[in-house]
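Chain and residue survey
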Amino acid sequence: MTTTSVERRTVLLGLLGRRIVQIPVVLLVVSILTFWLLQVVPGNPGRNALGQYATVAQVRAWNHTNGLDGSLVGRYLHWIGGFFAGDWGQSLVYSTAVKELVIGRLGNSLLLGLYAFVIMVPVAIALGSAQAYREGRRSDRAITVGLLSLSAVPEFVVGVVLLLVFAVWLRVVPVQSAADASGDFLDRLRVMTLPAVVLALGYLAVLTRMVRSGTSEAITSQFHRTAVLKGLSPAAVVRRHVIRNALVPTLSVLGIYLGTLLGGSVIVETLFGYPGLGALLVTAAERKDVLLLEGGVMITGAVSLLALLLTDICFVLMDPRIRFDARESR
Amino acid sequence: MITSRTRPRRATRIALAASVAALSVLLAACSSGGGSSSGSSSSASGGSYTLGLAEPTSTIDPETTGDYNAMYVVGLASEGLISQNSKGVLQPRLASSWKAASDGLSWTVTLRKNVKFSNGKALGAKDVVATFDSIAGKDSQSPGASSFQGILKSVAPGSTADTVVFSLDRPFSDFPYLLTGSNTTILPASYKAGTNWIKDPVGAGQFILEKYTPGQSVTYKKNPDYWDAKHVKLSAVTINFYADAQAQLLAFQSGEIDQVAYSPTVASTLKVADYRQTTPAYNKFDGIFLNVKQAPLDDVAVRQAIALAIDRKAIVKSVYAGQATVADDYLYFPNYAVQPDGVPQREQDLAKVKQLLGGKKVRFTITTLTDEKTLAEVVQQQLNAVPGFDVSIKILTSAQYYADGASTPWLNAPVTITNWAQRLPSQYVNLLYKTGAAWNASKYSNPALEKLSNQYDEAKTTAEKQTLADRIATIENTDTAVIVPAFATGSYVLQKTVKGTFSGPQDFPGGFDFRGISNSK
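Residues numbered from 1 in each chain as written. Chains lettered and ligands numbered in written order. Predicted model: local features only at pLDDT ≥ 70, side-chain atom pairs only at ≥ 80, totals over all residues.

1. Thoughts on the pairing of strand S16 (residues 389-396) of chain B
Moving residue by residue along a regular strand, the side chains alternate between the two faces of the sheet. Residues and elements named next belong to chain B. Two elements, strand S15 (residues 362-369) and S16, share eight bridges in a ladder whose sense is parallel. Considered in S16, the bridge of Ile366 is made with Ile393. Crossover handedness for the path S15 to helix H10 (residues 373-384) to S16: right-handed. (Pairing = 2+ DSSP bridges. Helix = DSSP H or I, 4+ residues; strand = E, 2+ residues; numbered from the N terminus. Right-handed = clockwise from strand over helix to strand, strands pointing away.)

2. A look at the sheet that holds strand S9 (residues 217-222) of chain B
All names here are of chain B. Judged by pairing direction, the sheet is mixed, and its four strands sit side by side in the order S1-S10-S9-S8 without closing on themselves. Single-partner strands in this sheet number two, and they are strand S1 (48-54) and strand S8 (207-213). Adjacent strand axes in the sheet meet at a mean angle of 20 degrees, parallel and antiparallel pairs treated alike. Against the sheet, helix H2 (residues 68-75) engages S1, S9 and strand S10 (236-242), with an angle of about 155 degrees to S1. (Axes fitted to C-alpha atoms, helices over the stretch in contact; angles between N-to-C directions. Contact = placed C-beta atoms within 7 Å.)

3. Points about the interface of chain A and chain B
On the side of chain B, 45 residues touch chain A, which itself brings 48 residues to the contact. Of all the elements in the fold, those that place two or more residues in the side of chain A that touches chain B are helix H2 (45-50), helix H3 (56-65), helix H7 (155-169) and helix H8 (185-219) of chain A. Of the residues assigned to the side of chain A that touches chain B, the class counts are 28 nonpolar, 14 polar and six charged. (Nonpolar A, V, L, I, M, F, W, Y, C, P; charged D, E, K, R; others polar.)

4. With respect to the pairing of S9 of chain B
All names here are of chain B. Within S9, five of the six residues are buried, which leaves the element mostly enclosed by the surrounding structure. Of the pairings in the sheet, the one linking S8 to S9 comprises six bridges and is antiparallel in character. Each residue of the ladder has a partner; that of Thr213, found in S9, is Ser217. Hairpin connection from S8 to S9: three residues lie between these consecutive antiparallel strands, with Gly215 at a positive phi of about 75 degrees. As paired elements, S9 and S10 share five bridges and run antiparallel to each other. Each bridged residue has a counterpart across the sheet, and for Val218 the counterpart in S10 is Ile239. (Buried ≥ 20, exposed ≤ 12 C-beta atoms within 10 Å, placed from the backbone.)

5. As for the UniProt feature "domain: Solute-binding protein family" (unreviewed entry) in chain B
In this structure's numbering, the residues bearing the UniProt feature "domain: Solute-binding protein family" (unreviewed entry) are residues 90-431 of chain B. As annotated, residues 90-431 of chain B comprises 24% helix and 26% strand, and the C-alpha atoms at either end are separated by 23 Å. (UniProt positions renumbered as here; feature names shortened; annotations may be inferred.)

6. A look at the nonpolar core
When a protein is soluble and globular, its nonpolar side chains tend to lie buried together. The biggest cluster of nonpolar side chains holds 154 residues, and the ones touching the most others in it are Ala200 and Leu204 of chain A together with Tyr220 of chain B. Filtering out sequence-adjacent residues up to four positions away, Ala200 of chain A remains in contact with Ala116, Ile119 and Met120 of chain A. Ranked by size, the runner-up nonpolar core spans 71 residues in total, among them Ile315, Ala327, Val343 and Tyr402 of chain B. (Core = buried A, V, L, I, M, F, W, Y, C linked by C-beta atoms within 7 Å.)

7. Side note on the packing of helix H5 (residues 98-133) of chain A against helix H12 (residues 277-286) of chain A
Residue and element names in this part refer to chain A. Interhelical geometry of H5 versus H12 gives an angle of 135 degrees and a closest axis separation of 8 Å. With respect to H12, the axis of H5 lies oblique. In this structure, H5 uses Arg105, Leu106 and Ser109 to contact H12, whose residues at the interface are Leu277, Gly278 and Leu280. Partitioning the contact of H5 with H12 into residue classes produces three nonpolar, two polar and one charged. (Parallel < 35°, antiparallel > 145°, perpendicular 65-115°, else oblique.)

8. A look at the sheet that holds strand S20 (residues 492-494) of chain B
All names here are of chain B. A sheet is described by the order of its strands in space; here three strands give the open sequence S11-S20-S12, paired in antiparallel fashion. Looking along the sheet, the strands with just one partner apiece sit at the ends: strand S11 (259-261) and strand S12 (276-277). Note that S12 and S20 share two bridges and pair antiparallel. Bridged to Arg276 within S20 is Leu494.

See the structure below:
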């Protein structure tokens, strides 16, 4: 085993060890803050459930029946105990088990996020690389202006325009993108295409710029010139020397985007009626459905933290120079 | 001639068109069946029907539903004893007839024979008794309980197996109308209040709830055991939940749903003449409640001045897109059997306003919730255009407006705008005008009005009722504790493939009646 691979394994193990301790602590703090903050916002779950015509006594009775009238600490401890035991409680809004609801929506968000990711990453790499190789030319400027203009348009505007074209005029997709999870996969993919495209467009400009900048730096560096001069084929130069170096800065952005995409996008989900986690959490917060919000926040938090961990691991694997702060501080 | 300037533009257009075409082909290729994924096809002659709603904000339980969307979800799968048609006339549903005792202190309701719940079990008197015991009982969490307070004493099986006797605290000649109210659909006697109805949605409605997908949709199939199943032509109904009215409109335009609620936006977007439209039916009023205990509104002249300063016709046109009737300041919906006589219709009269104000400067804030923002803004503009008024508005979220506690804005702010669903005139007296009533936002008190209202409830002849209605309306109008700019109607724009006529409004009093409706989509 070489010194480099031993060092890399040590860095990886250290990173994993630290994150195994950090992630539960972060999630615990987030869960406490969420539980407390939900008490601060105006609204009463009993009033939400029974409407304006219920009396105060009826609202109070409903809250009591649903275990919402005890002390904050007592209720939190009861919830966290149940959560670790696998009982996430019942959603007050949807009258459905929180676990079933959150896991189902997480699956939908993961699928949509991955679909958007699959659309976005190859397009960004292709456009960014093309721009770097054609730096300063008219096509480079045109792509930059086009993408920046597109990113300046809010998601809901792009979404509405796409809905008008593809749902109302051409009628090739439905307005509501909530396809049955047990249905035909191709049909599911079809209804998810517009939300995935809108999600991808939101991040495409920045990602393309990152790829362009990384590639541009790589192809003007000494090692690139050496690789060309020693007679490597252009494909080999790009594969072995350009991509690997150009994508290091891009990876950090990708990690953050991946976490965000997987956690769901409220605007896109709401616009297309897509049953993702983001819209679910907004509803839970608005209606003070504390158990649903807690379950959703814990899962979203875990997914985001794991996505960041994945990014860090990719960093180490792609760039042996990366050591992270604990090693650097020695 | 193609110049160097036009060439890139043309190229861009071609590229754009090619992108759209490519994506369309791709999407179409992915489609397994073509068209919308949400519209389920049907082999039955009546076809299937898809409609759009906002996601319910209250519980989905016939006994405790508190918002329109949840009522729709439960209303398709359950049914009450009586409903109202578009003109407000009572229609027998699970009940075949009803009759008051000679002293007016009880009503005997006869049930239809051979009615079954969707689980196949027979629906009988014991189920009706259990339902009303639960709604109006001491520990009831049903918002519908308020309709029966001080009126319904007890419910018991009648002398025959198919009758139920409702004993009253006092004679109430309009009692059958209360049986069309919210939360009154009949549930099995075995149903326990507060249990999760949506998991076992048993009812005696026209459809059977097959699948509820939280936040997305509800699917129903025709109930073969429904007492009038032969007139229910549709084999299936689907409710899709949309984020807002705009999304519903797009879904209607795309053919994804078969109806959309008529609104100013719908009127301006669609060429309504190209579609069908249901008969408008009265469903609510948006009342301006004036706190008669607080200056400057403690002066009846100021309250009357406000009522005369607003332009009701303009409000009907701009706020309701014509889907409302100009109202006077008393609470008798135009489709109610007895209409007050002799109270002149208030119209904007700026000379009279000037006289009533007498040079006084009137300053107040209208507090309301986001749903009433448009009306609040129009009223503010109209009043501020009249010398003497300085009106501001405060818009709150629903949670803030209806917040619990002694200082809740909707019952304590000096001027509020709140919408109320259609009810009986005496119910409004009991809920909104009666001394110390729970929802008396005006803090109004007038024992004479309360006495007249009780006499009205006891009245047996139409002539007697007419006289009392005239006096009640005169007091409400003169004292102007509540300004009623308009009585709103609701209707739906339907796709042309929808055949048949809805007999009543699509709401709880109307009983969500789909008999006679079919869809050739």
